[in-house]
Amino acid sequence: MDYDQLFRTQLDALKSDGNYRVFAELERHRGAYPRAKNHGAGADEVTVWCGNDYLGMGQHPEVIAAMHAAIDQCGAGAGGTRNISGTNHSHVLLERELADLHGKDGALLFTSGYVSNWAALGTLGARLPGCTILSDAFNHASMIEGIRHARCEKRIWAHNDPRDLERKLADLDPDAPKVVAFESVYSMDGDIAPIGEILDVAEQFGAMTYLDEVHAVGLYGKRGGGIAEREGLSDRVTLIEGTLGKAFGVVGGYITGSVELVDFIRSFASGFIFTTALPPAVAAGAVASIQTLKGEEGVALRTRQQRQVARLRAALDRAGIPHLDNPSHIVPVMVKDPVKCKMLADILMQDHGIYVQPINYPTVPKGTERLRFTPSPLHDDSDIDALVTALHALWSQCALARAAA
Ligand SMILES: *Cc1c(COP(=O)(O)O)cnc(C)c1O
């Protein structure tokens with residue numbers, strides 16, 4: 001058996017379809033975000049325009065100081081799984097901070113947001129007798145994998161469509177457990193779920209609700225508690241899931257909910273139990289980041305981010321560059337062609353020192369290929385001007401359609 005040949009055959013298929021992923025090798029510069037050194041092809045120094053460290057908290061002095069202090073005090077690793085010697089004081093403090101952020105009684109940490117979705121949905125679906133999970137059609141891969149792992153009944157409801165959810169719920173046994181799983185901000189289109197209407201429907205049918213706020217925590221709400229906080233709905237959501245790796249600038253995932261719910265996942269989720277706890281320094285950095293974003297500095301960073309988002313959209317409009325209009329911080333510029341999408345990204349990196357990852361199928365449907373820009377408070381006005389000037393020139397060069405004025 002030539003195993004490498006088997007691997008190559010499938011990789012070649014990806015390449016010929018234009019779906020082969022190539023990573024940009026970067027070295028981020030603390031204190032100079034969104035600037036980074038580029039170790040791959042293209043300009044040596046680039047401006048990162050597709051980062052998920054949405055507010056630059058990965059270089060925040062207090063986050064870094066907390067991490068340094070924790071390393072000096074506790075060393076590098078956690079020392080074990082949470083169950084066997086790995087629960088450090090900073091994990092417990094972080095869980096309290098997270099419960100408070102979402103106005104819940106309990107919280108539980110995971111090694112990533114992906115693992116938290118996979119483990120929590122997998123455990124709920126598998127352990128609640130006769131459970132059905134109702135999943136929004138655009139849910140993230142980590143939720144889909146969790147639901148698959150649960151091996152329970154599932155129903156897919158049309159994206160952001162409470163009426164379709166209602167029809168699907170009406171078909172189910174009124175006395176059986178149900179979990180309605182959805183996101184607040186969807187990361188590819190940047191659209192936002194009608195959380196209130198979804199909760200109305202779920203409550204009507206006695207379903208629990210599972211809300212992924214990964215692209216909203218730190219960014220929305222008075223204290224950065226997400227869209228549910230902004231809309232005053234956190235109380236009504238049974239479980240809120242989030243990440244420490246995006247706006248909070250560190251790494252890790254979590255769920256929050258009632259004491260019983262959190263204890264249930266803690267006690268039964270293999271993806272929580274059988275893995276080494278996050279390093280204490282990561283937990284300490286996350287606490288500093290969450291506390292900062294809960295306060296006035298968080299408000300200022302969110303306001304500045306929204307300003308830069310609005311500025312980019314306005315500049316794109318003036319240049320006739322088509323982008324999806326949405327109510328979030330995500331600015332998808334629609335190219336609608338996989339080859340041109342990749343080519344644009346390559347030229348931006350090569351000639352303009354602008355790094356944006358092309359987003360092609362299967363991450364988005366064919367024909368909706370795009371460049372997804374995420375302005376942060378650290379992208380200044382001249383960064384925005386440079387980006388739009390470059391896009392303006394490339395749009396002509398690549399003979400792409402302009403948006404109607
Ligand atoms: C990124 C992402 C996750 C996973 O979070 P990580 O902490 O990066 O593992 C979960 N849900 C959604 C919607 C995401 O975009």
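Rules used in this analysis
- Residues numbered from 1 in each chain as written.
- Predicted model: local features only at pLDDT ≥ 70, side-chain atom pairs only at ≥ 80, totals over all residues.
- Heavy atoms only, no water.
- Pairing = 2+ DSSP bridges.
- Helix = DSSP H or I, 4+ residues; strand = E, 2+ residues; numbered from the N terminus.
- Contact = heavy atoms within 4.5 Å.
- Axes fitted to C-alpha atoms, helices over the stretch in contact; angles between N-to-C directions.
- UniProt positions renumbered as here; feature names shortened; annotations may be inferred.
- Buried < 20%, exposed > 50% of the residue type's maximum accessible area, 1.4 Å probe, protein only.
- Lys, Arg positive; Asp, Glu negative; His and termini not counted.
- Salt bridge = Lys/Arg side-chain N within 4 Å of Asp/Glu carboxyl O.
- Polar contact = N/O pair within 3.5 Å; in protein donor to acceptor, adjacent residues only side chain to side chain.

Undergrad: Would you mind going over the sheet that holds strand S13 (residues 358-359) with me for this structure?
TA: By way of backbone hydrogen bonds, the strands of a sheet pair with one another, either parallel or antiparallel. Read from one edge of the open sheet, three strands run S11-S14-S13, paired in antiparallel fashion. In this open sheet, the two strands that pair with only one neighbour each are strand S11 (331-334) and S13. Pairing of S13 with strand S14 (residues 370-373) involves two bridges; the strand directions are antiparallel. Note that in S14 the partner of Pro358 across the bridge is Leu371. This element, helix H14 (residues 338-352), spans S13 and S14 of the sheet and lies at about 45 degrees to S14.

Undergrad: Teacher, can you tell me more about the UniProt feature "domain: Aminotransferase class I/classII large" (unreviewed entry) in the protein chain here?
TA: Under the present numbering, the feature "domain: Aminotransferase class I/classII large" (unreviewed entry) in UniProt falls on residues 45-391. For the annotated span residues 45-391, helix accounts for 46% and strand for 15% of the residues, and the straight-line distance between the end C-alpha atoms is 18 Å.

Undergrad: Before we go on, may I ask you to explain the side chain of Arg302 in this structure?
TA: The topology assignment puts Arg302 in helix H13 (residues 296-319). Buried within the structure, Arg302 lacks any salt-bridge partner; its nearest side chain of opposite charge belongs to Glu229, at an N-O separation of 6.4 Å. There is a polar contact of 2.9 Å between the side chain of Arg302 and the backbone oxygen of Lys222. Residues contacting Arg302, with those up to four places away along its chain left out, are Leu55, Gly218, Leu219, Tyr220, Gly221, Lys222, Arg223, Gly224, Leu293 and Gly295.

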